[in-house]
Amino acid sequence: MMGKSRTQALLLALPLVAFIGITFVAPLGSMVLRSFHDPLVAEILPKTVAALGEWDGGALPPEGVYALLAEELKQARADRTIGRLATRLNRQASGLRSVVSGTGRRLARQGAPPWAEALPRMNKAWGDPEVWHALAQAGRRVTPTYYLNALDLRMDADRGVTQQPEAKRIYRALFVKTIGVSLAITLLCLGIGYPLAWFIAHSPPRRGRLLLVLVLLPFWTSLLVRTTSWIVLLQQQGVLNSLLTWAGIVADDQRLTLMHNMTGTFVAMTHVLLPFMVLPLYSVMSGIQPVQMQAASSLGARWPRAFRRVYLPQSMPGVGAGCLLVFILAMGYYITPALVGGQSGQLISNFIAYHMQTSLNWGLAAALGSILFVAVLMLFLLYDRVLGLDRMRLGS
Amino acid sequence: MSAWRAGPGTWALRIFCGLGFLFLMAPILIIIPLSFNAEPYFTFTRGMLTLDPDAYSLRWYEQVLLGERWRSAALNTLIVGVSATLLATTLGTVAAMGLSSPAMPWRRTITALLISPMIVPVVIAAAGMFFFYSSLNLTQTYTGLILSHAALGAPFVVITVTAAMAGFNSELLLAAASLGAGPVRTFFKVQLPILSPGVVSGGLFAFAFSLDEVVVVLFMAGLEQRTIPREMWAGIREEISPAILAAATLLILIAVLLLLALELLQRRSNSDKP
């Protein structure tokens with residue numbers, strides 16, 4: 001009997017498990033795969049890459065390798081895959097884009113063996129062992145390149161891992177910034193949300209419901225609408241600046257820059273995430289009896305002490321849920337910083353989107369995404385461990 | 001009641017909370033009058049402030065409601081939203097019933113798996129979906145968008161229906177069975193009517209998600225599948241036109257309707273309970 005209902009329960013869950021598996025888990029898996037698996041070079045230059053595998057890594061590869069490269073580059077140009085190859089190799093060592101495409105162009109018109117002399121004549125880079133090392137590196141199907149790049153590191157010709165040049169170090173600082181901003185926004189939401197939730201939870205029921213609507217309406221309003229509103233409010237010719245100018249606090253030619261910078265990201269993200277703090281706090285606080293505080297104060301405890309000893313501990317589950325939720329959401333925020341953050345207000349997600357859509361460096365996007373994914377996953381497990389996912393509630 | 005709040009800062013608390021509620025609501029309220037602006041500006045004109053009727057107009061609403069671009073965006077939003085919601089609600093409700101059974105094995109793990117689409121940042125999910133669906137030739141198709149939105153919306157259904165199941169008296173199932181009803185009949189005649197507020201609110205959450213989702217659409221949709229959020233994104237990023245304020249006002253109206261619907265559902269499910 002037990003076995004039968006076990007199977008029955010499993011069978012009920014199975015369709016969604018399979019659905020999520022195919023439509024969500026598999027995509028995540030393909031992203032993680034792409035962050036370290038990159039067969040492009042090995043597919044376009046299979047023979048060259050194989051021959052380079054036998055190369056002892058000495059001064060320069062033998063004539064045979066040069067000949068294979070010439071043959072395969074010519075083929076790649078005919079197949080029109082040389083552009084992708086050049087882009088990919090340029091990521092391995094900058095400058096290789098023009099070397100590869102230039103050599104391809106010349107090979108189409110001229111060139112004869114011995115290739116070990118012809119290729120360096122077409123582009124002297126082929127006489128540089130470092131270029132061949134880069135080619136051998138890029139030829140590996142499993143590559144640490146993207147993770148290294150995501151951590152501001154790179155692989156050198158002598159196979160040592162070194163720091164990127166100063167000007168190209170962005171991502172470590174960006175991760176730190178994302179965590180810092182998320183923490184700050186979480187604290188800001190807690191600071192504003194705790195009193196709000198308290199006020200709603202301990203108002204008379206009718207007023208409490210009304211006030212709750214003031215939190216729920218923003219929660220239900222489209223994120224893009226709320227972001228648009230902040231643009232209307234914060235821009236230089238916007239409502240807030242006009243108000244300040246009209247009141248004479250700010251001169252007309254010195255309107256404040258409130259968006260397209262970090263301020264914009266902070267204000268708009270706090271607004272968007274505040275309901276996620278207030279709602280869990282409210283649902284915990286509305287279960288706390290205010291009589292207990294009265295009892296504590298009638299026993300002589302002053303207000304701060306009664307609050308600290310009686311109320312605060314009981315509200316902690318709400319604080320934990322709200323903070324974790326806001327922090328997790330803030331870590332992955334994309335839309336709001338993209339629209340009101342300008343240059344300085346961008347977070348890690350914005351760079352993932354940038355590499356997905358603009359630079360088309362998908363491997364790097366996948367590596368950055370995988371790192372962020374692991375971070376969020378750990379927070380998610382923490383949430384489950386501390387608060388239990390199966391007790392999660394939505395709304396009021 | 002008053003004794004414990006009459007501690008330090010009753011007034012300070014009230015003023016603070018007043019400002020807090022203002023912070024929450026002002027951005028939403030400010031957009032409504034601006035959407036009637038007769039001028040193509042994002043700010044109040046002198047005429048609007050002096051309540052000159054000529055400073056107000058419905059031209060942006062005309063553009064949104066009658067323009068080809070917004071109309072096709074609305075249609076796309078509806079197609080994707082409704083299909084994804086139906087898919088997510090069906091699968092989510094059935095799964096939640098399994099999860100609520102006391103005999104369910106690996107409950108914690110399976111719950112975590114089913115809720116994970118809600119927690120993983122959408123940018124990551126969208127990137128993965130782009131890679132995976134493009135290998136199946138599903139990018140730039142309705143199918144791809146619907147599947148993605150259904151996956152990301154399903155957790156809302158799982159959570160609300162599981163919550164509704166928690167209040168479900170399982171003896172009713174035995175009663176139905178003892179009266180000779182088969183499992184299918186029991187489900188449709190007994191279980192579903194009682195759970196329906198939970199199911200419908202889960203569906204509303206899933207629909208609201210799809211209605212607001214822009215990242216997956218940005219990564220995956222082609223020109224043919226542009227939705228309302230996608231048009232708004234374009235409106236903010238590419239050309240600032242008050243038409244997006246009119247669209248925003250309409251979306252606020254939808255949010256109010258969704259909120260009202262949920263409120264009614266909640267009242268109903270509360271009055272159902274003994």
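Just so it is clear, the model here is predicted, and its values are computed rather than measured. (Residues numbered from 1 in each chain as written. Chains lettered and ligands numbered in written order. Predicted model: local features only at pLDDT ≥ 70, side-chain atom pairs only at ≥ 80, totals over all residues.)

1. Describing the overall build of chain A
Reasoning step 1: In terms of regular secondary structure, chain A is built from 19 helices and 2 strands.
Reasoning step 2: Expressed along its principal axes, the backbone C-alpha trace of chain A runs to roughly 100 × 80 × 35 Å.
Reasoning step 3: By residue count, 44% of the 396 residues in chain A fall in the buried class.
Reasoning step 4: Within chain A, contacts between residues separated by at least 24 positions form 68% of all contacts whose residues are at least 6 apart in sequence. (Helix = DSSP H or I, 4+ residues; strand = E, 2+ residues; numbered from the N terminus. Buried ≥ 20, exposed ≤ 12 C-beta atoms within 10 Å, placed from the backbone. Contact = placed C-beta atoms within 7 Å.)

2. Focus: the overall build of chain B
Reasoning step 1: The helix and strand tally for chain B stands at 13 helices and 0 strands.
Reasoning step 2: Of the regular secondary structure in chain B, the N- to C-terminal order runs α-α-α-α-α-α-α-α-α-α-α-α-α.
Reasoning step 3: Against the 2.2 N^0.38 benchmark of 19 Å for 274 residues, chain B shows a C-alpha radius of gyration of 23 Å, more extended than a compact globule.
Reasoning step 4: Taking the principal axes of the C-alpha coordinates as reference, chain B spans close to 75 × 65 × 35 Å.
Reasoning step 5: Burial analysis of chain B (274 residues in total) assigns 46% to the buried set.
Reasoning step 6: Of the contacts formed within chain B by residues at least 6 apart in sequence, a portion of 76% connects residues at least 24 apart. (Rg over C-alpha atoms; globule rule 2.2 N^0.38 Å.)

3. A closer look at helix α13 (residues 239-246) of chain A
Reasoning step 1: All of the buried residues in α13 of chain A are Val239, Leu240 and Asn241 of chain A.
Reasoning step 2: Buried residues along α13 of chain A sit in contact with α12 (223-234) of chain A together with α2 (10-34) of chain B.
Reasoning step 3: Of the residues one or two after α13 of chain A, Gly248 of chain A is the one with positive phi, at around 80°.

4. Notes on the interface of chain A and chain B
Reasoning step 1: The interface of chain A with chain B comprises 79 residues on the first partner and 85 residues on the second.
Reasoning step 2: Ranked by residues supplied to the side of chain A that touches chain B, first place goes to helix α1 (residues 2-36) of chain A with 20 residues.
Reasoning step 3: Tallied by class, residues from the side of chain A that touches chain B come to 55 nonpolar, 18 polar and 6 charged. (Nonpolar A, V, L, I, M, F, W, Y, C, P; charged D, E, K, R; others polar.)

5. Regarding the nonpolar core
Reasoning step 1: Of all hydrophobic cores here, the largest spans 167 residues; its most connected members are Leu273 and Val326 of chain A together with Ala127 of chain B.
Reasoning step 2: Grouped together as the second largest cluster of nonpolar side chains are 32 residues, Leu52, Tyr66, Ala70 and Trp126 of chain A included. (Core = buried A, V, L, I, M, F, W, Y, C linked by C-beta atoms within 7 Å.)

6. As for the confidence of the model for chain B
Residues and elements named next belong to chain B.
Reasoning step 1: Mean pLDDT over chain B works out to 87, with 95% of the residues at or above the 70 mark.
Reasoning step 2: Mean pLDDT values for the elements of chain B range from 44 in helix α1 (residues 2-5) up to 95 in helix α7 (residues 122-135).
Reasoning step 3: Taken together, the stretch residues 1-7 has pLDDT below 50 and engages in 9 contacts with residues farther than four places along the chain or on a different chain.
Reasoning step 4: Here the prediction assigns the complex a pTM of 0.88, and the interface score ipTM is 0.89. (pLDDT = per-residue confidence, 0-100.)

7. A closer look at the domain arrangement of chain A
Reasoning step 1: Considered domain by domain, chain A is made up of domain 1 (1-26), domain 2 (40-140) and domain 3 (171-391).
Reasoning step 2: Centre-to-centre separation of domain 2 of chain A and domain 3 of chain A, based on C-alpha positions: 51 Å. (Domains from an automatic or database assignment.)

8. A few points about the environment of Leu273 of chain A
Residue and element names in this part refer to chain A.
Reasoning step 1: With respect to the secondary-structure elements, Leu273 resides in helix α14 (residues 262-285).
Reasoning step 2: Considering only alpha carbons, one finds Leu273 and Leu325, 52 residues apart in sequence, at a separation of 9.0 Å.
Reasoning step 3: Apart from the residues within four sequence positions on either side, Leu273 is in contact with Ile185, Cys189, Val326, Leu329 and Ala330.

9. Examining helix α19 (residues 362-387) of chain A
Reasoning step 1: With 26 residues, α19 of chain A extends 36 Å between its outermost C-alpha atoms, agreeing within 8% with the 38 Å of an ideal straight helix rising 1.5 Å per residue.
Reasoning step 2: Count one or two residues on from α19 of chain A and you reach Gly388 of chain A, which has phi positive near 80°. (Expected span 1.5 Å × (residues − 1).)

10. Quick notes on the packing of helix α18 (residues 348-357) of chain A against α7 of chain B
Reasoning step 1: Between α18 of chain A and α7 of chain B, the least distance of the axes is 10 Å, while the angle of their chain directions is 20°. Put simply, α18 of chain A runs roughly parallel to α7 of chain B. Every pair of crossing elements has a handedness; the one defined by α18 of chain A and α7 of chain B is left-handed. On the side of α18 of chain A, the interface is formed by Ser349, Ile352, Ala353 and Met356 of chain A, while α7 of chain B contributes Val123, Ala127 and Phe130 of chain B.
Reasoning step 2: Split into classes, the residues belonging to the contact of α18 of chain A with α7 of chain B amount to 6 nonpolar, 1 polar and no charged. (Axes fitted to C-alpha atoms, helices over the stretch in contact; angles between N-to-C directions. Parallel < 35°, antiparallel > 145°, perpendicular 65-115°, else oblique. Left-handed = near helix turned anticlockwise from the far one by under 90°.)

11. Some thoughts on the domain arrangement of chain B
Reasoning step 1: Partitioning chain B into domains gives domain 1 (2-55) and domain 2 (68-240).
Reasoning step 2: Using C-alpha coordinates to define each centre, domain 1 of chain B is positioned 35 Å away from domain 2 of chain B.

12. Regarding the packing of α12 of chain A against helix α12 (residues 228-237) of chain B
Reasoning step 1: Where α12 of chain A contacts α12 of chain B, the two axes come as close as 10 Å, and the packing angle between them is 15°. Of the possible angle classes, the one that applies to α12 of chain A and α12 of chain B is roughly parallel. Along this stretch, α12 of chain A crosses α12 of chain B, giving a crossing that reads as left-handed. Packed against α12 of chain A, whose contacting residues are Leu224, Thr228 and Ile231 of chain A, the element α12 of chain B presents Pro229, Met232, Trp233 and Ile236 of chain B at the interface.
Reasoning step 2: Split by residue class, the contact of α12 of chain A with α12 of chain B holds 6 nonpolar, 1 polar and no charged.

13. Some remarks on unusual backbone geometry
Reasoning step 1: Residue Pro114 of chain A is reached from Pro113 of chain A by a cis peptide bond, and omega for that bond is 0°.
Reasoning step 2: Looking at the element boundaries, Pro114 of chain A is found in the loop between α6 (96-109) and α7 (115-122).
Reasoning step 3: Notably, Asp152 of chain A is not glycine yet its phi reads approximately 60°, a positive angle.
Reasoning step 4: Position of Asp152 of chain A among the secondary structure elements: in the loop between α9 (145-150) and β1 (153-155).
Reasoning step 5: What makes Asp152 of chain A partly exposed here is the crowd of 18 C-beta atoms within 10 Å.
Reasoning step 6: Positive phi values are uncommon outside glycine, yet Gln140 of chain B reaches one of about 60°.
Reasoning step 7: With respect to the secondary-structure elements, Gln140 of chain B resides in the loop between α7 and α8 (142-166).

14. Some remarks on the environment of Cys189 of chain A
Residues and elements named next belong to chain A.
Reasoning step 1: Within the element layout of this structure, Cys189 appears in helix α10 (residues 171-201).
Reasoning step 2: For Cys189, a count of 28 C-beta atoms within 10 Å puts it in the buried group.
Reasoning step 3: Residues Cys189 and Thr270 lie 81 residues apart in sequence; the distance between their C-alpha atoms is 6.2 Å.
Reasoning step 4: What Cys189 contacts, discounting residues up to four positions off in sequence, is Thr270, Leu273, Leu274, Met277 and Val326.

15. Overview of the environment of Leu151 of chain A
Residues and elements named next belong to chain A.
Reasoning step 1: Positionally, Leu151 belongs in the loop between α9 and β1.
Reasoning step 2: Along the backbone, Leu151 and Arg169 are 18 residues apart, and their C-alpha atoms lie at a distance of 8.3 Å.
Reasoning step 3: Those residues within four positions of Leu151 in sequence are excluded, and the remaining contacts are Tyr171 and Arg172.

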